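Chains, contacts and geometry: an overview
Given next are the chains, with one letter for each unit.
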Amino acid sequence: MSDAVTREEFAVMLMNALIPQEKEALLTFIDAAEISSWAQKAVVQAVQSDLIKGNEDGAFRPHDEITRAEMALILANASGKSTGEYG
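The sections below set out a description of the structure shown in this document. (Residues numbered from 1 in each chain as written. Predicted model: local features only at pLDDT ≥ 70, side-chain atom pairs only at ≥ 80, totals over all residues. Heavy atoms only, no water.)

**With respect to the pattern of salt bridges**
Enumeration according to the criterion identifies three salt bridges in this entry. A salt bridge links lysine 53 to aspartate 50; the nearest nitrogen and oxygen atoms lie 3.8 Å apart. (Salt bridge = Lys/Arg side-chain N within 4 Å of Asp/Glu carboxyl O.)

**Details of the packing of aromatic side chains**
Applying the stated criterion to the full structure yields one aromatic pair. Pairing phenylalanine 29 with phenylalanine 60 gives two aromatic rings, centres 5.2 Å apart and planes at 35°, and the pair type is tilted. Of this pair, phenylalanine 29 sits in the loop between helix H1 (7-18) and helix H2 (37-48) while phenylalanine 60 sits in the loop between H2 and helix H3 (68-79), and the two are 31 residues apart along the sequence. You can call phenylalanine 29 buried: its relative accessible area is 13%. (Phe/Tyr/Trp six-rings, centres within 6.5 Å; stacked < 30°, edge-to-face > 60°. Helix = DSSP H or I, 4+ residues; strand = E, 2+ residues; numbered from the N terminus. Buried < 20%, exposed > 50% of the residue type's maximum accessible area, 1.4 Å probe, protein only.)

What follows is the structure in structure tokens.
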């Protein structure tokens, strides 16, 4: 059985696959301090690229398991074929 993937882990995998340009920015989520240091750059890049968004309450919840639906929507955003918004 495989382990679940967290939101921050998925952000790192996605941004490594997309090979984004370097961007500098601060994380503005209310739980930004909970985002692991190894994932912060990828989360910033994913947010700035409009691939991942925070939740309605302003949190990212980096250690929550990512759902299949969330992954599908993020990948649709990355391909430019999104029909919704990821929270």
